[in-house]
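Fold and contact review
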Amino acid sequence: MFDPSGVEKRCDNLVPRVRKLVSEIIDEHRKSLEGCERQLGDTGDFVDVLLSLKGEEKLSEDDMVAVLWEMIFRGTDTTALLTEWAMAELILHPKIQSKLRAEIDSVVGSTGSINDADVAQMPYLQALVKETLRVHPPGPLLSWARLSTDDIQLSNGMVVPAGTTAMVNMWAITHDDSIWSNSEKFNPARFMVSEGGVDVDVRGGDLKLAPFGAGRRVCPGKNLGLVTVSLWIARLVQRFEWGPVDSSPIDLSEVLKLSLEMKKPLAAAATARNCV
Ligand code: HEM
């Protein structure tokens, strides 16, 4: 005889098993991305790294395509847009641009090549990248469409019912004057301890500025993203003086597509330094 309670029981058992499976897949995927990020520095080509994975880390062709697709999809526009926003702010704030150039010159000179290790010696550059992430977070709504699977009681007593789509509005947090004084002001010095600022961990350790998310779904490309953007900005500022283009003034209006873009793309005039 058909026993509906048996079906229910099997379903009850199934849900946690599926949840566990999905959880394991996500963890595996994350580990492989983080592993690739670690190895990139030594081996150079990303596809070579994927192909060289052995044993437990070895990926099937489908998984490799999925990893590459995610890297391209998630990693390119975020880094490009963050660089664009930073350059726009540097043009609007010539003093900040000069201060950054002076730091770069003091570490590598006006023509020396800049690498990751040099970036670590440039606190003002890092502060500038943090301030750009604060004012123009490329992913302003973290955790797009996360679904709560159970009723969740928050510490303030509110309950998020099961089945709710939840997002974190990081943009609102980073523009909140009760958290960031003069939040509208672009001021990298707020992250310079030597200038009375605070050193905030932007990699997910401090929720007042978590532009890469936080927790187990934190962006696995955060270190790569930070170092890439820092290197690009450092090289652009080392070699060129950046100014506005009269016919196309800088407009900081935002538009949210996949990432937070400049509504009017940046037009900039570059003058090479060290040229007679
Ligand atoms: C400045 C650059 C970047 C920013 C601001 C950024 C930001 C973010 C944010 C906000 C998320 C969502 C986190 C969440 O859902 O809570 C995310 C996820 C992700 N990012 Fe990035 N990202 C950057 C660079 C990169 C790079 C360079 C890569 C890869 C090479 C990458 C790969 C990913 C992937 C695969 C995910 C999905 C992780 C998951 O769902 O578990 N990102 N990123």
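From a predicted model like this one, the values you see are computed outputs, not experimental measurements. In this convention, every chain numbers its residues from 1, walking through the sequence in written order. Local features in this predicted model are restricted to residues of pLDDT 70 or higher, and side-chain atom pairs are both shown and tallied only at a pLDDT of 80 or more, whereas totals for entire chains, interfaces and linings draw on every residue. Computation of side-chain values: all heavy atoms of the structure, hydrogens and water removed.

**Regarding the overall build of the chain**
Only DSSP runs of H or I covering at least 4 residues are called helices, and only runs of E covering at least 2 are called strands; the numbering of each starts at the N terminus. Across its full length, the chain carries eight helices and eight strands. Per-residue burial for the chain yields a buried fraction of 33% across its 276 residues. Shrake-Rupley sampling with a 1.4 Å probe provides the accessible areas, and residues are treated as covered by the protein chains on show and by no other component. Split by element, the accessible area of the chain, about 16,300 Å² in all, is 57% carbon and sulfur. Throughout, exposure labels follow a simple rule: accessible area from a 1.4 Å probe, protein chains only, divided by the maximum for the residue type, with under 20% read as buried, over 50% as exposed, and the rest as partly exposed.

**Points about the pattern of salt bridges**
We count a salt bridge whenever a side-chain nitrogen from Lys or Arg sits within 4 Å of a carboxyl oxygen from Asp or Glu. Under the counting rule described, the total for this entry stands at eight salt bridges. The salt bridge involving K208 is made with D206; its shortest N-O contact spans 3.0 Å. For K208, a relative accessible area of 30% puts it in the partly exposed group. A salt bridge links E261 to K257; the nearest nitrogen and oxygen atoms lie 3.6 Å apart. The network of salt bridges with shared partners includes E131, R134 and R190.

**Considerations on the UniProt feature "binding site: heme" (unreviewed entry) in the chain**
UniProt positions are given in the numbering used here, feature names are shortened, and annotations may be inferred rather than shown by experiment. The UniProt record marks C219 with the feature "binding site: heme" (unreviewed entry), using the residue numbering of this structure. Inspection of the secondary structure puts C219 in the loop between α7 (170-174) and α8 (222-239). Residue C219 is classed as partly exposed on the basis of its relative accessible area of 27%.

**Overview of the packing of helix α3 (residues 61-92) against helix α4 (residues 94-108)**
Interaxial distance between α3 and α4 falls to 5 Å at its minimum, and their mutual angle equals 110°. Considering the angle they form, α3 stands roughly perpendicular to α4. When α3 is examined against α4, the residues L90, I91 and L92 are found in contact with a partner set consisting of P94, I96, Q97 and L100. Note that Gly is not counted as nonpolar here; it falls among the polar residues with everything else outside the nonpolar set of Ala, Val, Leu, Ile, Met, Phe, Trp, Tyr, Cys and Pro and the charged set of Asp, Glu, Lys and Arg. When grouped by side-chain class, the residues that make up the contact of α3 with α4 number six nonpolar, one polar and no charged. Here the axes come from fitting lines to C-alpha atoms, over the contacting stretch only for helices, and the angles between their N-to-C directions go from 0 to 180 degrees. Any angle that falls under 35 degrees is termed roughly parallel, while one over 145 is termed roughly antiparallel, one within 65 to 115 roughly perpendicular, and all others oblique. Here a residue-residue contact requires only that any non-hydrogen atoms of the pair lie within 4.5 Å.

**Overview of the side chain of R273**
Mapped onto the elements, R273 comes out in the segment after β8 (268-272). Classification of R273 by relative accessible area gives buried; the value is 18%. Ignoring any residue separated from it by four or fewer positions in sequence, one finds R273 in contact with R101, D105, S110, V237, Q238, R239, F240 and E241.

**Thoughts on the site of the ligand**
Neighbouring residues are identified by heavy atoms, a residue being near a molecule or strand if any of them is within 4 Å of it. If you check the shell around the ligand, you find 21 residues, and the closest are M71, R74, R146, R217 and C219. Under the rule applied, a polar contact is a pair of N or O atoms within 3.5 Å (in protein, one hydrogen donor and one hydrogen acceptor; residues adjacent in sequence only if both atoms are side-chain atoms). Contacts to the ligand include R146, whose side-chain N or O atom sits 2.6 Å from an oxygen atom. At a separation of 2.7 Å, an oxygen atom of the ligand approaches a polar side-chain atom of R217. At the level of secondary structure, the elements contributing two or more residues to the shell around the ligand comprise α1 (4-43), α3 and β1 (141-147). Of the residues forming the shell around the ligand, the biggest block, seven residues, is contributed by α3. Its residues assigned to classes, the shell around the ligand shows ten nonpolar, six polar and five charged.

**Description of α8**
By this rule the span expected of a helix is its residue count minus one, scaled by 1.5 Å. Between the first and last C-alpha of α8 there are 26 Å, a value that for 18 residues agrees with the 26 Å anticipated at 1.5 Å per step. Residues of α8 that are buried include every one of K222, G225, L226, V229, S230, L231, I233, A234, V237 and Q238, and no others. The elements touched by buried residues of α8 are α3, α4, α5 (116-120), α6 (123-135) and β5 (240-244).

**Some remarks on the packing of aromatic side chains**
Here a pair means two rings of Phe, Tyr or Trp (six-membered ring of Trp) with centres within 6.5 Å. Their orientation is stacked below 30 degrees between planes, edge-to-face above 60, and tilted elsewhere. Counted according to the given criterion, the structure contains two aromatic pairs. Where F240 meets W242, the ring centres are 5.7 Å apart and the plane angle is 65°; that geometry is what we call edge-to-face. Residue classification places W242 among the buried residues on the basis of a relative accessible area of 19%.

**Side note on a nonpolar patch on the surface**
Side chains of W69, F73 and L258 sit close together on the surface and give an oily, nonpolar patch of about 360 Å² of accessible area. The topology assignment puts F73 in helix α3. Patch membership is restricted to residues that have no salt bridge and whose relative accessible area is over 30%. Joining uses 9 Å for like charges and 5 Å for the nonpolar side chains Val, Leu, Ile, Met, Phe, Trp and Tyr.

**A few points about the environment of G225**
Looking at where G225 falls in the secondary structure, it is placed in helix α8. Among the residues examined, G225 registers a relative accessible area of 11% and is labelled buried.

**Comments concerning the side chain of E89**
Inspection of the secondary structure assignment puts E89 in helix α3. A polar side-chain atom of E89 sits 2.7 Å from a polar atom in the side chain of H136. Among all residues touching E89, those that are not within four sequence positions of it are V135, H136, F186 and L252.

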